[in-house]
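Notes for the structure review
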Protein chains: 2
Amino acid sequence: MFEFEIKKKSSETRARTGVLQTPHGEIKTPVFMPVGTRATVKTLSSEDVKKLGAQIILGNTYHLYLRPGQEIIKLAGGLHKFMNWDKPILTDSGGFQVFSLSKNRKITEEGVEIRSHIDGSKHFLSPEKAMEIQEDLGSDIMMAFDECAPYPADYDYIKNSMERTLRWLERCKEYHSDMSRQALFGIVQGGMYPDLREISAKETTNIDLPGYAIGGLSVGEPRELMIKLLNHTTPFLPENKPRYLMGVGTPDYLFEMVEAGIDMADCVLPTRIARNGTAITSKGNLVIRNAKFAKDFSPIDEECDCPVCQNYTRAYVRHLINVDEILGARLLTIHNLYFLINMMEKIRLSIEEDRFLEYKNEFYDKFGYTYHK
Amino acid sequence: MFEFEIKKKSSETRARTGVLQTPHGEIKTPVFMPVGTRATVKTLSSEDVKKLGAQIILGNTYHLYLRPGQEIIKLAGGLHKFMNWDKPILTDSGGFQVFSLSKNRKITEEGVEIRSHIDGSKHFLSPEKAMEIQEDLGSDIMMAFDECAPYPADYDYIKNSMERTLRWLERCKEYHSDMSRQALFGIVQGGMYPDLREISAKETTNIDLPGYAIGGLSVGEPRELMIKLLNHTTPFLPENKPRYLMGVGTPDYLFEMVEAGIDMADCVLPTRIARNGTAITSKGNLVIRNAKFAKDFSPIDEECDCPVCQNYTRAYVRHLINVDEILGARLLTIHNLYFLINMMEKIRLSIEEDRFLEYKNEFYDKFGYTYHK
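These remarks concern the structure in this document. Model, not experiment: these values are computed from the prediction. (Residues numbered from 1 in each chain as written. Chains lettered and ligands numbered in written order. Predicted model: local features only at pLDDT ≥ 70, side-chain atom pairs only at ≥ 80, totals over all residues. Heavy atoms only, no water.)

Observations regarding the packing of helix H10 (residues 251-260) of chain B against helix H15 (residues 356-367) of chain B
Residues and elements named next belong to chain B. The condition that has to hold: Every angle, taken between N-to-C directions, lies between 0 and 180 degrees, and every axis is a line fitted to C-alpha atoms, over only the stretch in contact when it is a helix. Note on conventions: DSSP H or I runs of at least 4 residues are helices, E runs of at least 2 residues are strands, and numbering of each starts at the N terminus. Angles below 35 degrees are treated as roughly parallel, those above 145 as roughly antiparallel, those between 65 and 115 as roughly perpendicular, and all remaining angles as oblique. Crossing handedness follows the turn of the near helix against the far one: under a right angle anticlockwise gives a left-handed crossing, and clockwise gives a right-handed one. Here a residue-residue contact requires only that any non-hydrogen atoms of the pair lie within 4.5 Å. Residue polarity is assigned by list, with Asp, Glu, Lys and Arg as charged and Ala, Val, Leu, Ile, Met, Phe, Trp, Tyr, Cys and Pro as nonpolar; anything else, Gly included, falls into the polar class.
The interhelical angle for the contact between H10 and H15, taken along N-to-C directions, is 165 degrees, at an axis separation of 11 Å. When the interaxial angle is binned, H10 and H15 end up roughly antiparallel. With respect to the hand of their crossing, H10 and H15 are arranged in left-handed fashion. Across the interface between the two elements, Pro 251, Asp 252, Phe 255, Glu 256, Val 258 and Glu 259 from H10 touch Phe 356, Leu 357, Tyr 359, Lys 360, Phe 363, Tyr 364 and Phe 367 from H15. A class-by-class count of the residues in the contact of H10 with H15 yields 9 nonpolar, no polar and 4 charged.

Printed below as a string of structure tokens:
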């Protein structure tokens, strides 16, 4: 299980296509994973997500641990059964939310004491607890418990944090040693410091695991810095294992990560901006909420063949968003996810046909990106 | 157009089945009409509503007049095109919302001056304006501009209001005299006073129209009073025209109105209680939001074959409602509408097979209704 086979390598870049085997079917990479934080990709049912062509979704351990709780999901037979999703699921470790959502957290070598962002109740998360919860969730891919350090942060803070994340990874693997049904991925940290990224990547990949992720990028740093560190870090990850860049979901970042040799990414961006009234289109993002679309009876994206663009107009979606009708958020969510999933499919095809850079330039031109031609 | 053919009459009650022709297809009666207030049945797309088997939906003139405004919908080619719904639409006159939503309204013989419940802006609604807006919306069935009087209200208030509603109906028909593409239905008022109901019914039906409605019932009065007035009023409506009871949507009120000889009804109830976490089931309403369903992995209704009951559990839907995930409201909306639409189909079948009362008693027993056996 969790075999990863590289199918084709780009001759001009580090881009590659591959197939990752999981207990719930295979995943064609590079892949974008929609985020289903609380056992639903917001506004969508599992059937909806499947119809959009998603190959794998992400669940958030911290949120599911708080509500409905690991016991209920375990009783249901795992997250797949609970939400009726029979394709692969990746769960994060809760680390990111512990640091981004909970106030009054206290980090020790043992783990993190937190107060729930919902009711203020006290909880203790540790590498072992993160593994226990994810085992109960029954995800195909589990993530190691790490600290996603803030940006900016000074060298010593990042160094200590990165080293602790390495020790936590050892404990994760100690707790979860049987990878036959659930794979554990380690996470490379190191902030914006190239030498720490190198150490973290080498030490993390010294631990034999079915896959590796890069965390702590796309956390607010400038674009050029993100791309520099991405391209600096990726070469230290083994060729023959899936590589996952955490928290990336704009079209350009997805192209850049593929170019750097990354195979998987996830982000709430397409679904979050949908709920705020923004559509991703082949000609750039459109703030459909704007009054200028009130009488625009064309589809969101002329070139898109998603069910929303086939059936509804900008004026209609704008009206729904304007009056806060749930359907507006839903239609834009469907469109945005379809757009990215379709884009990833075209990216895979362009790699197979060894014209990735050509496709990237074509896409950037049309989208209106003016950098990195 | 708008021919109404009675197919079968119950031998024990006044229940009947029929077919109403409209420019957007035929409607089998008795029928329940889901409410799509602001050009969407809340949480659902037009495709979703069609899949549920809805034959006709209702749009709210007052809401659509305020946002997006009649001009935009007219530009789109009417409400059908705006929301991509190609089956029949009935629009109310705005009268109900004028009286229930807007404060500082001023009623005169000419019409009603209101302040918008959204931004406080001033508007003047009249029989002529209500017709103009509904003509722009392009609904198949337009409703006359009436006053839906409050409950309780004294005799003189109701008498004056009912008489003004009759004068307003004359003006509606004067403005909208061509019924070839859009039918105008008159509305019987008269509060809880049987003599006023009789006068209103006789005077309203003296005006030749393609259909007639009963308004001002189910506005907070006791159940027995509602059923008494319903059965008192309906016989004054012509046999050969469709009869519409406004604002009714609980299973028992739907059975009672069919028994009284009514053909059409609408209500926000099934969709509103869905968003609050309540499911209508064959064994009564279930407050799925309740903690007791947290570990209940059975479907919402064992006997239901809707997509929600086929794919998801009470525990899952309860979790979604509990964490305010939009999907929870959506799944319960789908289930509740499916339940009522399916129930109406079974009611039609029971009339065709002349066993309406048998089906009613069976349904009431199982649902847990203890009255009116």
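Regarding the relation of the copies chain A and chain B
Basically, it comes down to this: Alignment of the copies relies on least squares applied to C-alpha atoms, considering only residues that score at least 70 for pLDDT in both.
Taken as rigid bodies, chain A and chain B are interconverted by a rotation of 180 degrees and an axial shift of 0.0 Å, the fit giving an RMSD of 0.0 Å. Read as a symmetry element, the transformation amounts to a two-fold axis. No C-alpha of chain A lies nearer the rotation axis than that of Ile 326 of chain A, which sits 3.7 Å from it. Interface overlap between copies: 100% of the residues of chain A at the interface are likewise at the interface in chain B, consistent with a symmetric, same-surface contact.

Side note on the sheet that holds strand S3 (residues 25-29) of chain A
Backbone hydrogen bonds are what pair the strands of a sheet, in a parallel or an antiparallel way. Residue and element names in this part refer to chain A. This is how the line gets drawn: Note on pairing: two strands pair once DSSP finds at least 2 bridges between them.
Taken in spatial order, the 3 strands line up as S1-S2-S3 in an open sheet, and their pairing is antiparallel. Two strands bound the open sheet, and with one partner strand each, they are strand S1 (4-9) and S3. Strand-to-strand, the axes of this sheet are offset by a mean angle of 15 degrees, without reference to chain direction. Alignment of strand S2 (residues 16-22) against S3, held across 5 bridges, turns out to be antiparallel. The residue bridging Gly 18 from the neighbouring strand is Thr 29, located in S3. Relative to the sheet, helix H14 (residues 326-352) contacts S1, S2 and S3, its axis offset from that of S2 by approximately 120 degrees.

Notes on the sheet that holds strand S2 (residues 16-22) of chain B
All names here are of chain B. Strand order in the open sheet made by the 3 strands is S1-S2-S3, with antiparallel pairing throughout. Each edge of the open sheet is held by one strand with a lone partner, namely strand S1 (4-9) and strand S3 (25-29). This sheet shows a mean twist of 15 degrees between the axes of neighbouring strands, independent of strand direction. With respect to the sheet, helix H14 (residues 326-352) is in contact with S1, S2 and S3, its orientation differing from that of S2 by roughly 120 degrees.

Observations concerning the interface of chain A and chain B
As a reminder of what qualifies: Note: buried area is the sum, over both parts, of the accessible area (probe 1.4 Å) each one loses when the two are combined. Salt bridges are defined as contacts in which a side-chain nitrogen from Lys or Arg sits within 4 Å of a carboxyl oxygen from Asp or Glu.
The partner chain B presents 36 residues to the 36 residues of chain A that form the contact. For the pair chain A and chain B, the summed buried area comes to about 3300 Å², and 58% of that belongs to carbon and sulfur atoms. Where chain A touches chain B, the interface holds 6 salt bridges. Between Glu 325 of chain B and Lys 42 of chain A there is a salt bridge; the shortest N-O distance is 2.6 Å. Residue assignment for the side of chain A that touches chain B shows that the elements contributing at least two residues are helix H1 (46-51), helix H3 (70-76), helix H4 (79-83), helix H13 (314-322) and H14 of chain A.

Observations concerning helix H7 (residues 155-175) of chain A
Residues and elements named next belong to chain A. Here is the rule we go by: By this rule, a helix spans an expected 1.5 Å times one less than how many residues it contains. The buried label goes to any residue with under 20% of its type's maximum accessible area, the exposed label to any with over 50%, and the partly exposed label to all in between, with areas taken from a 1.4 Å probe on protein chains only.
Here H7 is 21 residues long and its end C-alpha atoms lie 30 Å apart, about the 30 Å a rise of 1.5 Å per residue gives. Within H7, the full set of buried residues consists of Ile 158, Ser 161, Met 162, Arg 164, Thr 165, Leu 166, Trp 168, Leu 169, Arg 171 and Cys 172. Those residues of H7 hidden inside the fold are in contact with strand S7 (106-107), strand S8 (112-115), helix H6 (127-137), strand S11 (183-188) and helix H8 (194-206).

In short, shape yes, function no, at least from these values alone.
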